[in-house]
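Listed below are the residues making up each chain.
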Amino acid sequence: MSVSAPSENDRGVLRERLGDIPRQRLIEEIVARWDDIIRLEGEVANLRRRVREAELVVQSDRTDGSMVIELEEKLRIADSKLSRLERSAQNEKVRREVAEADSNRLAELQEENVRLLRNEEELLLLVLDMEAQIDRLSKVE
């Protein structure tokens, strides 16, 4: 599995899906993913340490062939798991960045909506004031 750049269509679908999710739930999801990334990075560090230990053992003067084969197999498995965890961490980082961007966009849209509602209210008050002025002027004449 590799990380690929999302297309505009995918982003639109994601925005619609995220738009239906309450903001607090999005925040909780981001925090959960962040915790997962931290945990995965810890596992990656642990695997790297184990790989290094295996490399040191292989480099030592041991001549036991079965031990070397066993350590090489453990190293291969550790490398495979390390690659998988790194891809998983990268994918999670991308998902988190997209969720954060969508969260920011949602906040911007909410602010714009508030501004437009205030503007509409001001215009409505202006129209009502103008109607009252017209009524007053029509009664004068």
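Residues numbered from 1 in each chain as written. Predicted model: local features only at pLDDT ≥ 70, side-chain atom pairs only at ≥ 80, totals over all residues. Heavy atoms only, no water.

Asker: Please set out the nonpolar core residue by residue, giving values where relevant.
Answerer: Soluble globular proteins: nonpolar side chains tend toward being buried together. Counting five residues, the largest nonpolar core is built from Leu40, Val44, Leu47, Leu82 and Leu85. Where this core is concerned, the elements lending two or more residues are helix 2 (23–59) and helix 3 (65–140). Here this core gets three residues from one element, more than from any other, and that element is helix 2. In this structure Leu40 touches Leu85, Ser88 and Ala89, once residues within four positions along its chain are discounted. (Core = buried A, V, L, I, M, F, W, Y, C linked by side-chain atoms within 4.5 Å. Buried < 20%, exposed > 50% of the residue type's maximum accessible area, 1.4 Å probe, protein only. Helix = DSSP H or I, 4+ residues; strand = E, 2+ residues; numbered from the N terminus. Contact = heavy atoms within 4.5 Å.)

Asker: Account for the confidence of the model for the protein chain, with residues named and values stated.
Answerer: Of the residues in the protein chain, 90% have a pLDDT of 70 or more, and the chain-wide mean is 85. Taken element by element, the protein chain is modelled with least confidence in helix 1 (residues 8–19), mean pLDDT 77, and with most confidence in helix 3, mean pLDDT 89. (pLDDT = per-residue confidence, 0-100.)

Asker: Report on a nonpolar patch on the surface, specifying residues and quantitative values.
Answerer: A contiguous nonpolar patch, built from Leu123, Leu126 and Met130 and spanning about 290 Å² of accessible area, is present on the exposed surface. Its place among the elements puts Met130 in helix 3. (Patch = residues over 30% accessible without salt bridge, like charges linked within 9 Å, V, L, I, M, F, W, Y side chains within 5 Å. Areas by Shrake-Rupley, 256 points an atom, 1.4 Å probe, with all protein chains shown as cover. Salt bridge = Lys/Arg side-chain N within 4 Å of Asp/Glu carboxyl O.)

Asker: Report on the side chain of Arg96, specifying residues and quantitative values.
Answerer: Tracing the backbone shows Arg96 in helix 3. With residues up to four places along the chain from it excluded, the contact list for Arg96 reads Ile30, Trp34 and Ile37.

Asker: Which residues make up a positive patch on the surface, and what values do they have?
Answerer: A contiguous patch of positive charge on the surface is contributed by Arg50, Lys81, Arg84 and Arg87. In terms of residue count, the dominant contributor to the positive patch is helix 3 (three residues). Take Arg87: it is sitting in helix 3. A residue is classified by how much of its surface remains accessible, and Arg87, at 36% relative accessible area, is partly exposed. (Lys, Arg positive; Asp, Glu negative; His and termini not counted. Charge placed at Lys NZ, Arg CZ, Asp CG, Glu CD.)

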